[in-house]
Amino acid sequence: NAGVTQTPKFRVLKTGQSMTLLCAQDMNHEYMYWYRQDPGMGLRLIHYSVGEGTTAKGEVPDGYNVSRLKKQNFLLGLESAAPSQTSVYFCASSSPGQMNSPLHFGNGTRLTVT
Amino acid sequence: GNSVTQMEGPVTLSEEAFLTINCTYTATGYPSLFWYVQYPGEGLQLLLKATKADDKGSNKGFEATYRKETTSFHLEKGSVQVSDSAVYFCALYVNTNAGKSTFGDGTTLTVKP
């Protein structure tokens, strides 16, 4: 029972490099989310998607792009990494069809930008 | 808008002590309320939830009651264990908010033997 799988688990980038974080869920959930977690700041929503082919901005979208080409996958891209993007990134999914369904989280990607 | 305020940490307790982590909320609409737990090096996982007023969520000895009159959802456990050391997040979800949950800032609990 995989649930939500994030790859990679760790990554170190130099300023200006690009990368893509992959999130995959096998629960047939409609909604998917990308959060970042920083010390003392809780969880902040970057982007989210309410269905295949749709995306929307969250609280802190600048510097990130996302795509949801398949229902089970949600990709987070950093086009030109900056040290301020050093963080732990969490993907989550949920199913609004299940009344008050909770979020299901992946185990996170720890990104360091030097 | 929606917001969640939870007790600031860190909280340090001895094993078998009583735990309370306070959580209050404001919401437009009728929210469902959740507690999530994050163990070191892992993602958040659902601990318990309540979907309407006066509901009590419970799991692994933890409990929280949805109090609409005080807009609160305090987390309690009668006797904590070292294995309960983690970060606890209170959250709310309103169906009309385009699928977005609102989280508190998290409370770090450390239980010492």
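Residues numbered from 1 in each chain as written. Chains lettered and ligands numbered in written order. Predicted model: local features only at pLDDT ≥ 70, side-chain atom pairs only at ≥ 80, totals over all residues. Heavy atoms only, no water.

Asker: When you look at the state of the cysteines in this model, what are you seeing that I'm missing?
Answerer: As used here, a disulfide is simply a covalent bond connecting the sulfur atoms of two cysteines. All names here are of chain B. Counted by the stated rule, this structure contains two disulfides over all chains. Each sulfur of the disulfide joining Cys23 and Cys90 lies 1.9 Å from the other. Handedness here is read from the sign of the S-S torsion; for Cys23 and Cys90, about -70 degrees, the answer is left-handed. With a gap of 67 residues between them, Cys23 in strand β4 (residues 23-26) and Cys90 in strand β10 (residues 86-93) connect regions that are remote in the sequence. Across this residue pair, the class does not change: Cys23 and Cys90 are buried. (Disulfide = S-S within 2.5 Å. Helix = DSSP H or I, 4+ residues; strand = E, 2+ residues; numbered from the N terminus. Buried < 20%, exposed > 50% of the residue type's maximum accessible area, 1.4 Å probe, protein only.)

Asker: Would you take a moment to explain the environment of Val80(B) for this structure?
Answerer: All names here are of chain B. One can find Val80 in the loop between β9 (75-77) and β10. Each C-alpha atom of the pair Val80 and Ser101 lies 28 Å from the other, and the pair is 21 residues apart in sequence. In contact with Val80, not counting residues within four places along its chain, are Leu13, Ser14, Glu15, Glu16, Ala17, Leu19 and Val111. (Contact = heavy atoms within 4.5 Å.)

Asker: Can you walk me through the interface of chain A and chain B in this structure?
Answerer: Often, the extent of an interface is quoted as the loss of accessible area upon association of its parts. Facing the 20 residues of chain A at the interface are 20 residues of chain B. Carbon and sulfur atoms supply 56% of the area that chain A and chain B bury against each other, a total of about 1,600 Å² over both sides. Between chain A and chain B we count zero salt bridges in total. Across the chain A-chain B interface, the total number found is three residue pairs in polar contact (both at pLDDT 80 or more). Contributions of two or more residues to the side of chain A that touches chain B are made by β4 (31-37) and β5 (43-51) of chain A. (Buried area = accessible area lost by both parts, 1.4 Å probe. Salt bridge = Lys/Arg side-chain N within 4 Å of Asp/Glu carboxyl O. Polar contact = N/O pair within 3.5 Å; in protein donor to acceptor, adjacent residues only side chain to side chain.)

Asker: Can you help me understand the sheet that holds strand β8 (residues 73-78) of chain A in this one?
Answerer: All names here are of chain A. Here we have four strands laid out as an open sheet, ordered β1-β3-β8-β7, and antiparallel in their pairing. With partners counted over all chains shown, the strands left at the sheet margins are β1 (4-7) and β7 (65-67), one partner each. Within this sheet the neighbouring strands show an average axis-to-axis angle of 20 degrees, counted without direction. In the sheet, β1 pairs with strand β3 (residues 19-25) via four bridges, with the strands oriented antiparallel. Among the inter-strand pairings, Gln6 is bridged to a residue of β3, identified as Cys23. (Pairing = 2+ DSSP bridges. Axes fitted to C-alpha atoms, helices over the stretch in contact; angles between N-to-C directions.)

Asker: I keep staring at the sheet that holds strand β8 (residues 62-65) of chain B and nothing clicks. Help me out?
Answerer: Backbone hydrogen bonds hold the strands of a sheet together, and the pairing may be parallel or antiparallel. Residue and element names in this part refer to chain B. With antiparallel pairing, the four strands of this open sheet are ordered in space as β3-β9-β8-β7. Edge positions in the sheet fall to β3 (19-21) and β7 (56-59), since each has one partner strand and no second. Ignoring strand direction, the axes of neighbouring strands in this sheet form an average angle of 15 degrees. Relative to β9, β3 runs antiparallel, the two being bridged by three bridges. Residue pairing in the sheet places Thr20 in a bridge with Glu76 of β9.

These figures capture arrangement, not role.
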